[in-house]
Amino acid sequence: MLLYHVKSPTETFAELNSSKDGLSSELAQELLVKYGKNALAEEGKESLMQKVLRQLKDPMIIVLLVVAAIAGALGEVADSLIILLVVVLNSVLGVIQENKAEKAIEALQKLSSPFAKVLRDGAFVSVKSEDIVPGDVVSLEAGDFIPADIRIFESASLKIEEAALTGESVAVDKFIDTLSDANVSLGDRTNMAYMSTSVVYGRGLGVIVATGMDTEIGKIADTIANTEETVTPLQKKMGELSHTLTIAVIGICAVIFAIGIYSEGTGRENIVDTFLIAVSLAVGAIPEGLVVVVTIVLSIGMTRMAKENAIIRKLPAVETLGCAQVICSDKTGTLTQNNMTVVRDYTLAGSSELLDTAMALCSDASVSKIDNTIIGEPTEKGLVEKALKDGYNKNALEATQPRIGELPFDSSRKLMSTVHKTADGKILQFVKGAPDELLKLCISYQADGQAKPLSDEQRADIIKANKSMADDALRVIAAAWRQWDKEPDAADYQPEIMEKDLTFVGLMGMIDPVRPEVFGAIEKCASAGIRPIMITGDHKDTAVAIGKQIGIIKDVSEAITGAELDMISDADFAEGVQKYSVYARVQPKHKVRVVSAWQALGKVTAMTGDGVNDAPALKTADIGIGMGITGTDVSKSVSAMVLSDDNFSSIVSAVEEGRTIYANIRKAVQFLLSTNATEVAAIFAATLMDIRLLAPVQLLWINMVTDSLPAIAIGMEEGEKEVMNQPPRDSKESIFAHGVGFNIVYQSLIMGGLTLAAYLHGDDISHEIGTTMAFLTISAIQLFHAFNLRFNYCSLLNPNRPSNKYMYVAFVVGLAATLFVIYTPVVNDLFKCDPLQPRELAISIGLAFCIIPIIEVIKFIQRNFISKSC
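None of the values given here were measured: they were computed from a predicted structure. (Residues numbered from 1 in each chain as written. Predicted model: local features only at pLDDT ≥ 70, side-chain atom pairs only at ≥ 80, totals over all residues. Heavy atoms only, no water.)

*Asks:* Residues and numbers for the overall build of the protein chain, please.
*Replies:* Along the protein chain, the regular secondary structure elements total 32 helices and 25 strands. For the protein chain, the proportion of its 870 residues judged to be buried stands at 53%. Counted over contacts in the protein chain with a minimum sequence separation of 6, partners at least 24 positions apart contribute 72%. In the form shown here, the protein chain has an accessible surface area of approximately 37,100 Å², with 57% of it arising from carbon and sulfur atoms. (Helix = DSSP H or I, 4+ residues; strand = E, 2+ residues; numbered from the N terminus. Buried < 20%, exposed > 50% of the residue type's maximum accessible area, 1.4 Å probe, protein only. Contact = heavy atoms within 4.5 Å. Areas by Shrake-Rupley, 256 points an atom, 1.4 Å probe, with all protein chains shown as cover.)

*Asks:* Please provide a residue-by-residue account of the nonpolar core, values included.
*Replies:* Counting 110 residues, the largest nonpolar core has Phe648, Leu693 and Leu694 as the members making the most contacts within it. Here the element with the most residues in this core is helix H25 (residues 648-688); it accounts for 16 residues. Other than its neighbours up to four places away in sequence, leucine 693 contacts Ala682, Ile683, Ala686, Thr755, Leu756, Tyr759, Thr771 and Ala774. (Core = buried A, V, L, I, M, F, W, Y, C linked by side-chain atoms within 4.5 Å.)

*Asks:* Can you lay out the side chain of lysine 174 for me, pointing to particular residues and giving the numbers?
*Replies:* In this structure, lysine 174 sits in the loop between strand S5 (172-173) and strand S6 (192-193). Classification of lysine 174 as buried rests on a relative accessible area of 1%. Within polar-contact distance, the side chain of lysine 174 engages the backbone oxygen of methionine 192 at 2.7 Å. (Polar contact = N/O pair within 3.5 Å; in protein donor to acceptor, adjacent residues only side chain to side chain.)

*Asks:* I'd like a rundown of the packing of H25 against helix H26 (residues 696-715), residues and numbers included.
*Replies:* To describe two helices that pack against each other, one gives the angle between their axes and the distance between the axes. In contact at an axis separation of 8 Å, H25 and H26 are set at 160 degrees when each is read in the N-to-C sense. With respect to H26, the axis of H25 lies roughly antiparallel. Our pair here, H25 against H26, has a crossing hand that is right-handed. Contacts from Asn664, Lys667, Ala668, Phe671, Leu672, Thr675, Asn676, Glu679 and Ile683 in H25 reach Leu699, Ile702, Asn703, Thr706, Asp707, Pro710, Ala711, Ile714 and Gly715 in H26. Here the contact of H25 with H26 is composed, by residue class, of nine nonpolar, six polar and three charged. (Axes fitted to C-alpha atoms, helices over the stretch in contact; angles between N-to-C directions. Parallel < 35°, antiparallel > 145°, perpendicular 65-115°, else oblique. Left-handed = near helix turned anticlockwise from the far one by under 90°. Nonpolar A, V, L, I, M, F, W, Y, C, P; charged D, E, K, R; others polar.)

*Asks:* Give me the lowdown on unusual backbone geometry, citing residues and values where you can.
*Replies:* Here the phi dihedral of lysine 414 falls at roughly 60 degrees; this positive angle occurs in a residue that is not glycine. Considering the arrangement of structural elements, one finds lysine 414 in the loop between strand S13 (403-410) and strand S14 (415-421). The phi dihedral of aspartate 646 falls on the positive side, at around 55 degrees, and the residue is not glycine. Relative to the assigned elements, aspartate 646 resides in the loop between strand S25 (641-643) and H25. Using a relative accessible area of 3% as the deciding quantity, one classes aspartate 646 as buried.

*Asks:* Hey, could you go over the pairing of strand S3 (residues 137-141) for me, with residue numbers and the actual values?
*Replies:* When you tally the buried positions in S3, you get four out of five residues, the bulk of the element. Looking at chain direction, strand S1 (residues 115-120) and S3 are connected through two bridges and run antiparallel. Counted as the bridge partner of leucine 119 is valine 137 from S3. Taken together, the five bridges between S3 and strand S7 (residues 198-210) define a ladder with antiparallel strand orientation. Counted as the bridge partner of glutamate 141 is arginine 203 from S7. (Pairing = 2+ DSSP bridges.)

*Asks:* For the side chain of aspartate 356, give the residues involved together with the corresponding values.
*Replies:* Mapped onto the elements of the fold, aspartate 356 is located in helix H12 (residues 352-361). Look at aspartate 356 and you get buried, because its relative accessible area is 3%. Apart from residues lying up to four places away in sequence, aspartate 356 is in contact with Lys386, Ala387, Asp390, Tyr392 and Met508.

*Asks:* Got a sec to walk through the sheet that holds strand S22 (residues 582-584)? Specific residues and values, please.
*Replies:* Note on sheets: strands pair through backbone hydrogen bonds, and any given pair is parallel or antiparallel. Strand order in the open sheet made by the eight strands is S8-S25-S24-S23-S9-S20-S22-S21, with mixed pairing throughout. The open sheet has two free edges, formed respectively by strand S8 (310-312) and strand S21 (559-561), since each of these has just one partner strand. For this sheet the average axis-to-axis angle between neighbouring strands, irrespective of direction, equals 20 degrees. Across three bridges, the pairing between strand S24 (residues 623-627) and S25 is parallel. Following the sheet pairing, methionine 627 is matched in S25 by leucine 643.

*Asks:* Give a description of the packing of helix H16 (residues 456-471) against helix H19 (residues 540-550) that names residues and reports values.
*Replies:* Remark: H16 packs on H19, axes separated minimally by 7 Å, with the N-to-C direction vectors making an angle of 15 degrees. Overall, the two elements H16 and H19 adopt an arrangement that is roughly parallel. Where H16 crosses over H19, the handedness of that crossing is right-handed. Between H16 and H19, the residues in contact are Lys467, Ala470 and Asp471 and Asp541, Thr542 and Ala545, respectively. When its residues are assigned to classes, the contact of H16 with H19 shows two nonpolar, one polar and three charged.

*Asks:* For the packing of aromatic side chains, give the residues involved together with the corresponding values.
*Replies:* This model, assessed by the stated rule, comprises nine aromatic pairs. Here tyrosine 580 and tyrosine 583 contribute two aromatic rings whose centre-to-centre distance is 6.4 Å and whose plane-to-plane angle is 65 degrees, an arrangement assigned as edge-to-face. Looking at tyrosine 580, the relative accessible area reads 12%, which means it is buried. By way of ring pairs, the aromatic residues Phe784, Phe787, Tyr808, Phe811 and Phe849 are connected into one cluster. Here the basic side chain of arginine 482 rests over the ring of tryptophan 484, its NZ or CZ set 4.1 Å away from the ring centre. The positively charged end of arginine 729 is found above the aromatic ring belonging to tyrosine 662, 3.5 Å away from the centroid. (Phe/Tyr/Trp six-rings, centres within 6.5 Å; stacked < 30°, edge-to-face > 60°. Lys NZ or Arg CZ within 6 Å of the ring centre and 35° of its normal.)

If you want it as structure tokens, here you go:
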């Protein structure tokens, strides 16, 4: 790579065949083909064969393969072939499930891919970072991620945090001067910006000099191994559960094998048969697909959330959302429409023209020369729009008073300053920002075209006007100005030098209407036991007015400012945090305190953020939520979830989906464990009764058919209406809480008993008919039982419950496949089944169906006598 830090901007542009006007779209496309995507090389994906082989490495699959080999060696060729077939089918199913989850996650990652603002065809456009090329001119603003390696050629107080590259967290000042030392370290290359670092202050322009693996971060990536994907806490819990169940079931099967040998003797045929039953039962009873099903349900949930404008970037967030207890939300754009409109202004004496001029020029919003549409941040758009309506087009103002310098807005000082040079050579500075901060810096006011001393009485009038606007829920912006004797030097551009001895111009009051859907979302929070918290940089009076309007507070005592919060110790705040639902005039550091205080109370807390300085709070929160529209790249990158519409109601919808997903996972777990426990219970009881209830291949078939499809169908359930009428669940609670463990035990015993009843009826005809009836009953009973688990305690007959077409598909496919095995010649021989007569077929299906009315009766008792809510 060429050392661009020792090249001037002119030399750099010449080297890249580019210019300050950027590239054309056609040339950019050609360069994209030449250089490739601007992305770091990813770890090679597994091939189809590698995925299949990994499936076969599962310990239980290895056991099955060993069993198949032993069965073949002992002359049980049919059993051996069917076991191998089941192994292959299970492996294929596992690969298909993995691919579906993988594709769903990949699709969502594309939705949240970062963008860069580049100059193409003479205009700045938003382009995916992966599509930028060397020679592209890029705009850099506070909050942006640096998308590639860049030579800076324009800087306005630009500062970049380069910890990702250098390990140094202190932001680096950036300039455009050419460096002379070719060997200077990366951290001292002050005219360069590097991929994966971030802008924390100011703005600038630069030209891309390297992309992808040619960047400095790409060189580092080339020398380190890719990290493995993390497993969610729920998946870990499921994995541990499967491991425990594996040991327990293998122990039970060992007992079954020992009892079989003891009761039937050590003859070769009995040993083989008993061995095959015990091992196949072990494999059939273990819910080896549990973790896969959980992954699929989570990925389905991610897709659903994306449709509701909530893009999940980190899989654990799906699970965590379901137990959120506190949602800390920004006001502007999240609770409100982010469409600021000036509805009132105030001046001390006839300076409206200057007020419009100051507000328009001291902003980064721009007016389109084509259709006069305004582009920019909502507040600044509103100010420029107000000036335009009054006859002052910003383009015309800038033509006569071009900007020659600036101090960008900073959240700590809450001010912005721009310096302009008029046609007659005057140097004017305009300042806008928070009234209380700006008024401290004013010594005079504008009246009748001149500056007059500002008295205490006039200060009181300004404060009164500010409060009057704030009481009406208006956001108030103040403007001031200052004339310089000469053009400020570069060293003068410091707040303590520039922002003093100002002349007050006036106030503008703006309103950002509450989103209509927020009212319903707040009501949902109340019924769901979720505490909504509003955090804003606005004046306390404005914040209180909005808080009352949306119903999260009743009076001003429930609101607190950042300054008031600074006067409270962490210990006292931890005790009193529950008193406050509105935080006004806060800085990013206060968000961290709010989150930490709620977490200290054991509350699962979500926090929204859109700025660079919000990153610590987003990281601290249990669920960091970035803003997709107004959010910076930095805030999005540290968030677990990104809102594509910046809407509070989307957060509540995501929480509802998170609760639904967890409920579905719990139902799927209950289904898998109860049906697998049925096999164990039935075989164990039959062995004690000296009955060979089911052949090994029948058990394997049951496991393959009844485990995956119904469990996934359960995961596709829509949320029950009551899901947001219950308090948040405890994130530490067991998967067996709320009666799930008891339900698994009694349901498996009932299903096992019905299976034995089917065998005993058929055994009066022949042993083969008995085993076939047991095979059909246990297969069908599990398919019927899946319907029971659609609702925890509600009746299936409730007409208000949503339908689930996937459940019917799983039932029809599962039952049809089982009947195919029983009635198809050759196939039924392999599975040791005899075709059933209509009477026996009806009895088997009838016994299986009995699980529905039996569970319905038990649910009725639980609802009416044990206070189980529907």
